[in-house]
Amino acid sequence: MVLYRVRLNFGEVKSMTKRDYSIVYITPKAERMVRGGHVWVYGAEITDIDGEVSNGDIVDVCTKNGTYMGSGFYNNNSKITVRILSRNANDKFDRAFWKRRAQYAVSYRKTVMPGDDFRCCRLVHGEADQYPGLTVDRYNDLLSVEILSLGTEKRRDVILDTLIETLEEMGEKINGVYLRNESSIRNLEGMECGKGWYKKAESAVTEIVENGIKYFVDIENGQKTGFFLDQKYN
């Protein structure tokens, strides 16, 4: 257990806190980037590591004087060595944490993309939803998933299960989840590429509606995660 200072909202140091995670110390340049909202810490910006750490572990990110800046997934296979997933020193990265993340992402999509749009949309868009390296596209009762971060891969089950649970609590039935982990970026993270069912449905083909037009989408063999939902409103 490590004792160090916590800077609340990147302002004056207000308190001391105890943490159980290994610490990654960063350069002043990286500190400025993190303060500005950047969520990646590159390997060249790490000056020291306090504690034992394995790839895929959660680490705390600190300034050289021990001020807490955030927590993230560590992986020295990648030039992006830490992917920050929280800036709250009180967060416990348990199932309740991931359930809150799922509720926020899904509720936001339902608010900004109601009706038919909510039935075919990008539910999770990586770091924008504080899910490092995770893309989840929804096609009616099917989810198409791409994982590009080792830390996220190691927590895949709890992340996907809480996402499905959140949708079904809102009355949205999910019959299948397909993994499209084919990007070569996975190799850079030390992961294998491949695709297949996480939760098997009767068919990988479903129908969506975009701007009043019906499309059949094959989430097994279609483009990337199946359809260019990140360009929905373009």
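Please refer to the structure placed before this passage.
Heads up: these notes are all about the structure in this document. What you are looking at is a predicted structure, and each value in this text was computed from that prediction instead of being measured. (Residues numbered from 1 in each chain as written. Predicted model: local features only at pLDDT ≥ 70, side-chain atom pairs only at ≥ 80, totals over all residues. Heavy atoms only, no water.)

**Considering the overall build of the chain**
The helix and strand tally for the chain stands at 6 helices and 15 strands. Relative to the globule expectation of 17 Å for 234 residues, the C-alpha radius of gyration of the chain, 19 Å, shows essentially globular dimensions. In terms of overall dimensions, the chain has a C-alpha envelope of 55 × 35 × 30 Å along the principal axes. A buried classification covers 50% of the 234 residues belonging to the chain. Of the roughly 11,700 Å² that the chain leaves accessible, carbon and sulfur atoms contribute 48%. Averaging the locations of the 34 positively and 34 negatively charged side chains of the chain gives two centres separated by 4 Å. (Helix = DSSP H or I, 4+ residues; strand = E, 2+ residues; numbered from the N terminus. Rg over C-alpha atoms; globule rule 2.2 N^0.38 Å. Buried < 20%, exposed > 50% of the residue type's maximum accessible area, 1.4 Å probe, protein only. Areas by Shrake-Rupley, 256 points an atom, 1.4 Å probe, with all protein chains shown as cover. Lys, Arg positive; Asp, Glu negative; His and termini not counted. Charge placed at Lys NZ, Arg CZ, Asp CG, Glu CD.)

**Observations concerning the pattern of salt bridges**
Applying the stated criterion across every chain, the model contains 16 salt bridges. Across the salt bridge formed by Arg180 and Glu182, the nearest N and O atoms sit 2.6 Å from each other. Judged by relative accessible area, which is 5%, Arg180 ranks as buried. Glu182 sits in the partly exposed class, given a relative accessible area of 38%. Among the ionic contacts, a cluster of salt bridges with common partners joins Arg95, Lys99, Glu165 and Glu169. (Salt bridge = Lys/Arg side-chain N within 4 Å of Asp/Glu carboxyl O.)

**Some details on the sheet that holds strand β13 (residues 194-199)**
Ordered in space as β9-β10-β11-β12-β13, the 5 strands form an open sheet in which the pairing is mixed. Only two strands of the sheet have a single neighbouring strand rather than two, namely β9 (120-125) and β13. This sheet shows a mean twist of 20° between the axes of neighbouring strands, independent of strand direction. Pairing of strand β12 (residues 176-181) with β13 involves 5 bridges; the strand directions are antiparallel. The partner of Asn181 across the bridge, within β13, is Gly194. (Pairing = 2+ DSSP bridges. Axes fitted to C-alpha atoms, helices over the stretch in contact; angles between N-to-C directions.)

**Re the nonpolar core**
With 28 residues, the main nonpolar core has Leu123, Val124, Tyr131, Leu134, Val136, Leu143 and Val145 as its most contacted residues. Among residues more than four places away in sequence, those in contact with Tyr131 are Trp98, Arg101, Ala102, Ala105, Val124, Gly126 and Ile159. Val24, Val41, Val61 and Val82 belong to the second largest nonpolar core, which has 12 residues in total. (Core = buried A, V, L, I, M, F, W, Y, C linked by side-chain atoms within 4.5 Å. Contact = heavy atoms within 4.5 Å.)

**Considerations on the pairing of β12**
In terms of residue burial, β12 counts as a mostly covered element, since 6 of its 6 residues are buried. Side chains Gly176, Tyr178 and Arg180 of β12 all project onto a buried face; the interleaved residues Val177, Leu179 and Asn181 project onto the opposite face, where all are buried too.

**Regarding the environment of Ala204**
Its place among the elements puts Ala204 in the loop between β13 and β14 (205-210). Its relative accessible area of 9% is what places Ala204 among the buried residues. Setting aside residues up to four positions removed in sequence, Ala204 forms contacts with Leu142, Trp197, Val217, Asp218, Ile219 and Glu220.

**Concerning the pairing of strand β8 (residues 80-86)**
With 7 of 7 residues buried, β8 lies mostly within the body of the structure. As defined by bridge partners, strand β4 (residues 40-42) adjoins β8 across 3 bridges and the pair is classed as antiparallel. Looking across to β8, one finds that Tyr42 is bridged to Ile80. Pairing geometry for strand β7 (residues 68-74) and β8, over 4 bridges, is antiparallel. Residue Tyr74 lies in a different strand from β8, and its bridge partner there is Val82. Adjacent in sequence and paired antiparallel, β7 and β8 are bridged by 5 residues.

**Structural notes on a nonpolar patch on the surface**
Taken together, the side chains of Tyr104, Tyr108 and Val112 define a hydrophobic patch exposed on the protein surface, amounting to about 320 Å² of accessible area. With respect to the helices and strands, the residue Tyr108 is situated in helix α2 (residues 95-112). Its relative accessible area of 42% is what places Tyr108 among the partly exposed residues. (Patch = residues over 30% accessible without salt bridge, like charges linked within 9 Å, V, L, I, M, F, W, Y side chains within 5 Å.)

**Observations regarding the environment of Arg35**
Assignment of secondary structure puts Arg35 in helix α1 (residues 28-35). Separated by 35 residues in the primary sequence, Arg35 and Gly70 have C-alpha atoms spaced 9.8 Å apart. Engagement of the side chain of Arg35 in a polar contact is seen with the side chain of Glu31, the distance being 2.4 Å. (Polar contact = N/O pair within 3.5 Å; in protein donor to acceptor, adjacent residues only side chain to side chain.)

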